[in-house]
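Coordinates in review
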Amino acid sequence: MISIIQNEELPIGFTMELAMHPDILNHFSMLSRQEQQSVINGARQITSHDEMRRYVENLFRF
């Protein structure tokens, strides 16, 4: 993930949730840089642990 998101400071809660969901992390790492930035920007708006968990768990639900 570090090589995918170079020099990008990620919200700590987002990083922790991604680490707990390897399948979601894999999908996230395959996004374009622009798509990743959009997801990161969304994560920056989140203020609670539970909301962040739901955000990450729902990123790639179809």
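For the structure, check the block above.
Presented here is a report on the structure given in the accompanying data block. On a predicted model such as this, the values are computed, not experimentally measured, just so you know.

**Concerning the overall build of the protein**
Along the protein, the regular secondary structure elements total 4 helices and 0 strands. Ordered by position from the N terminus, the helices and strands of the protein form the series α-α-α-α. Relative to its 62 residues, the protein shows a buried fraction of 31%.

**Things to note about helix α3 (residues 33-44)**
Because an α-helix packs 3.6 residues into every turn, residues spaced three or four apart end up facing the same way. For α3, built from 12 residues, the straight-helix expectation of 16 Å at 1.5 Å per residue is met to within 8% by its first-to-last C-alpha distance of 16 Å. Summarising the contacts, the buried residues of α3 are in contact with α1 (12-20), α2 (22-29) and α4 (49-57).

**Considerations on the side chain of Gln36**
Here Gln36 is to be found in helix α3. On the accessibility criterion, Gln36 (1% relative accessible area) is buried.

**Regarding the nonpolar core**
The biggest cluster of nonpolar side chains holds 13 residues, and the ones touching the most others in it are Phe14, Leu18, Phe28, Met52 and Val56. Broken down by element, the residue count for this core peaks at 3 residues, all from α3. For Val56, the residues in contact, after removing those within four places along its chain, are Phe14, Glu17, Leu18, His21 and Ile24.

**A closer look at the environment of Arg53**
Here Arg53 shows up in helix α4. Spatially, the C-alpha atom of Arg53 lies 8.1 Å from that of Phe14, the residues being 39 residues apart in sequence.

**Overview of the pattern of salt bridges**
For the coordinates displayed, the defined rule picks out 2 salt bridges. The partner of Asp50 in a salt bridge is Arg53, with the nearest N and O atoms 3.7 Å apart. In this pair, Asp50 and Arg53 both sit in helix α4, 3 residues apart, roughly one turn of the helix. On the accessibility criterion, Arg53 (28% relative accessible area) is partly exposed. Among the ionic contacts, a cluster of salt bridges with common partners joins Asp50, Arg53 and Glu57.

**Concerning the side chain of Glu17**
Topologically, Glu17 is positioned in helix α1. One buried charged side chain, Glu17, makes no salt bridge at all; its nearest oppositely charged neighbour is Arg53, positioned 5.6 Å away.

Conventions we followed
Residues numbered from 1 in each chain as written. Predicted model: local features only at pLDDT ≥ 70, side-chain atom pairs only at ≥ 80, totals over all residues. Heavy atoms only, no water. Helix = DSSP H or I, 4+ residues; strand = E, 2+ residues; numbered from the N terminus. Buried < 20%, exposed > 50% of the residue type's maximum accessible area, 1.4 Å probe, protein only. Expected span 1.5 Å × (residues − 1). Contact = heavy atoms within 4.5 Å. Core = buried A, V, L, I, M, F, W, Y, C linked by side-chain atoms within 4.5 Å. Salt bridge = Lys/Arg side-chain N within 4 Å of Asp/Glu carboxyl O. Lys, Arg positive; Asp, Glu negative; His and termini not counted.

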